[in-house]
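# Remarks on the overall topology
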Amino acid sequence: MRSVGKPMQLIDTHVHINFDVFQSDLEQMRSRWQEVGVVKLVHACVQPQDFPQMQAIAARFPEVYLAVGLHPLDAQKWTASMADEILSLAHSDPKVVAIGEMGLDFFKAENWEHQKKVFEAQLAIAKKLKKPVIIHCRDAAAAMRDILQEFCHRHGQIQGVMHCWSGNPQETQWFVELGLYISFSGVVTFKNAIAVQESAKIVPGDRLLIETDCPFLAPIPKRGKRNEPAYVYHVAESIARLRNLPLETIASETTQNACRLFGFNLPHRLGENN
């Protein structure tokens, strides 16, 4: 990884650093993300029972913030009491900045109707708490659009992000028009990800976010290795090339967008967090 020529601030809006694969070198990994200018990270939640472990990481690293929710591939774990559990956890820690990740995954699971119900329940939680949502959507863009349109019609505008976005430009435009942010991961660096790259060209500058979704989907030139937050730098580089803009412009736009969505105050100097 080449060093950054001048101070630049990046925000990785989606990580899973509570996974076992990271536990042996968290401190060293932190040094690497600080080296490339990552000043804040949003730690997504797969299931509420992971939250205490996530809280411990956020207490250890002030730049780590939290979300809480249930991933669609775990939708079968939803219970009548889980909505109250998510509400309670979200209230319990001021570092919770979003609800999620939640959504629809029609690629890996067939319980589509149940996923929809669990997703709608979590949208209601986020609306009640006035927090943004982190949305997982795989092979389900049309169904996602319909649910969000109906929810917004009945309950008003929601704020949130389509995370690790892999949709085509037409689908991308659906969610931009719904007022959502679009976040790109290492997938945008893959040579065969033509639709994703075309989508990355058309997202308005004030709706663009970047992430690693680590430990998954390491970007080129790290593909095949364990992904980690420092590699969000390569995602930003790739998007800058696709949009024919300086890397510093993409860093500034995506960082300001993340601050606006998640309510962050932007650090004035690297190492500061508030």
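Here the structure is a predicted model, which means the values were calculated and not measured. (Residues numbered from 1 in each chain as written. Predicted model: local features only at pLDDT ≥ 70, side-chain atom pairs only at ≥ 80, totals over all residues. Heavy atoms only, no water.)

### Quick look at the overall build of the protein chain
Short version of the rule: In this text, helices come from DSSP runs of H or I with a minimum length of four residues, and strands from runs of E with a minimum of two, each type numbered from the N-terminal end. To get the radius of gyration, use the C-alpha atoms; to get the globule rule, take the number of residues to the power 0.38 and multiply by 2.2 Å. Three exposure classes are used, based on accessible area relative to the maximum for each residue type with a 1.4 Å probe and protein chains only: buried under 20%, partly exposed in between, and exposed over 50%. By definition in these notes, contact holds between two residues if any of their heavy atoms fall within 4.5 Å. For the accessible areas, the method is Shrake-Rupley and the probe is 1.4 Å, while residue cover comes only from the protein chains on display. In this tally, Lys and Arg are treated as positive and Asp and Glu as negative; His is ignored, and so are the chain termini. In plain terms, the charge of a residue is placed at NZ if it is Lys, CZ if Arg, CG if Asp and CD if Glu.
In terms of regular secondary structure, the protein chain is built from 9 helices and 8 strands. In terms of overall dimensions, the protein chain is globule-like: its C-alpha atoms have a radius of gyration of 17 Å, near the 19 Å expected for 274 residues. Taking the principal axes of its C-alpha atoms as reference, the protein chain extends roughly 50 × 40 × 35 Å. For the protein chain, the residues scored as buried account for 58% of the 274 residues in total. Contacts in the protein chain between residues at least 24 apart in sequence constitute 73% of all its contacts with a sequence separation of at least 6. Of the roughly 11700 Å² that the protein chain leaves accessible, carbon and sulfur atoms contribute 49%. When the 29 basic and 30 acidic side-chain charges of the protein chain are each reduced to a single mean position, those positions are 4 Å apart.

### Examining the nonpolar core
In plain terms, the rule: Take the buried residues of types Ala, Val, Leu, Ile, Met, Phe, Trp, Tyr and Cys, join any two whose side-chain atoms come within 4.5 Å, and each joined set is a nonpolar core.
Residues Ile17, Leu148, Phe175 and Phe184 are the most contacted members of the largest nonpolar core, which totals 81 residues. Top contributing element to this core by residue count: helix H5 (residues 141-155), with 7 residues. Those residues in contact with Leu148, other than ones at most four positions away along the chain, are Phe119, Leu123, Ile135, Ile158, Phe175, Leu178 and Leu180.

### Notes on helix H9 (residues 247-262)
This is how it is decided: Any helix carries an expected span of 1.5 Å times its number of residues minus one.
In this model H9 runs 22 Å from its N-terminal to its C-terminal C-alpha over 16 residues, within 8% of the 22 Å that 1.5 Å per residue would give. Restricting attention to buried positions, one finds in H9 the residues Leu247, Ile250, Ala251, Thr254, Thr255, Asn257, Ala258, Cys259, Leu261 and Phe262. A positive backbone phi angle near 75 degrees is found at Gly263, which sits one or two residues after H9.

### Some points on the pattern of salt bridges
Spelled out, the test is: When a carboxyl oxygen of Asp or Glu is within 4 Å of a side-chain nitrogen of Lys or Arg, the pair counts as a salt bridge.
Applying the stated criterion across every chain yields a total of 10 salt bridges. The partner of Asp25 in a salt bridge is Arg32, and the shortest N-O contact between them spans 3.3 Å. Exposure remark for Asp25: the relative accessible area of 15% places this residue in the buried category. With a closest N to O distance of 3.3 Å, Lys77 and Asp74 form a salt bridge. Residues joined in a network through salt bridges with shared partners are Asp25, Arg32, Arg226 and Glu228.

### Regarding the packing of aromatic side chains
The cut-off we apply is this: Two rings belonging to Phe, Tyr or Trp (six-membered ring only in the last case) form a pair when the distance between their centres is within 6.5 Å. Interplanar angles under 30 degrees mark stacking, angles over 60 mark edge-to-face geometry, and anything in between is tilted. We call a charge positioned above a ring when the Lys NZ or Arg CZ atom is no farther than 6 Å from the ring centre and deviates by at most 35 degrees from the ring normal.
Evaluation of the coordinates by the stated rule reveals 7 aromatic pairs. Centre to centre, the rings of Trp33 and Phe61 are 5.7 Å apart; their planes meet at 90 degrees, and the pair counts as edge-to-face. Of the two residues, Trp33 is situated in helix H1 (residues 26-35) and Phe61 in the loop between helix H2 (51-60) and strand S3 (64-68); the sequence distance between them amounts to 28 residues. Here Trp165 and Phe175 contribute two aromatic rings whose centre-to-centre distance is 5.4 Å and whose plane-to-plane angle is 75 degrees, an arrangement assigned as edge-to-face. In this pair, Trp165 sits in the loop between strand S6 (160-162) and helix H6 (169-177) while Phe175 sits in helix H6, placing the two residues 10 residues apart along the sequence. Look at Trp165 and you get buried, because its relative accessible area is 2%. The lysine or arginine in question, Lys40, covers the ring of Phe264, its NZ or CZ lying 5.4 Å from the ring centre. Stacked on the ring of Tyr65, the Lys or Arg Lys95 has its end atom at 4.8 Å from the ring centre.

### Examining the side chain of Thr189
What counts, and what does not: Any pair of nitrogen or oxygen atoms within 3.5 Å is treated as a polar contact; in protein, a donor-acceptor pairing is required on top of that, and neighbouring residues in sequence qualify only through side-chain atoms on both sides.
With respect to the element layout, Thr189 can be found in the loop between strand S7 (181-184) and helix H7 (194-202). Note on Thr189: relative accessible area 11%, which makes it buried. There is a polar contact of 2.7 Å between the side chain of Thr189 and the backbone oxygen of Gly186. Within the structure, Thr189 has its side chain in polar contact with the backbone nitrogen of Ile220 (distance 2.9 Å).

### Quick word on the confidence of the model for the protein chain
As a reminder of what qualifies: For every residue, the predictor states its confidence as a pLDDT score lying anywhere from 0 to 100.
Looking at the protein chain as a whole, the pLDDT averages 94, with 95% of positions reaching at least 70. Taken together, the stretch residues 1-5 has pLDDT below 50 and engages in 10 contacts with residues farther than four places along the chain or on a different chain.

### Section: the environment of Ile147
If you trace the backbone, Ile147 turns up in helix H5. Residue Ile147 is classed as buried on the basis of its relative accessible area of 9%. Through-space distance from the C-alpha of Ile147 to that of Cys137 is 12 Å; in sequence the pair is 10 residues apart. When residues no more than four places from it in sequence are discounted, the contact partners of Ile147 are Leu104, Lys116, Phe119, Glu120 and Leu123.

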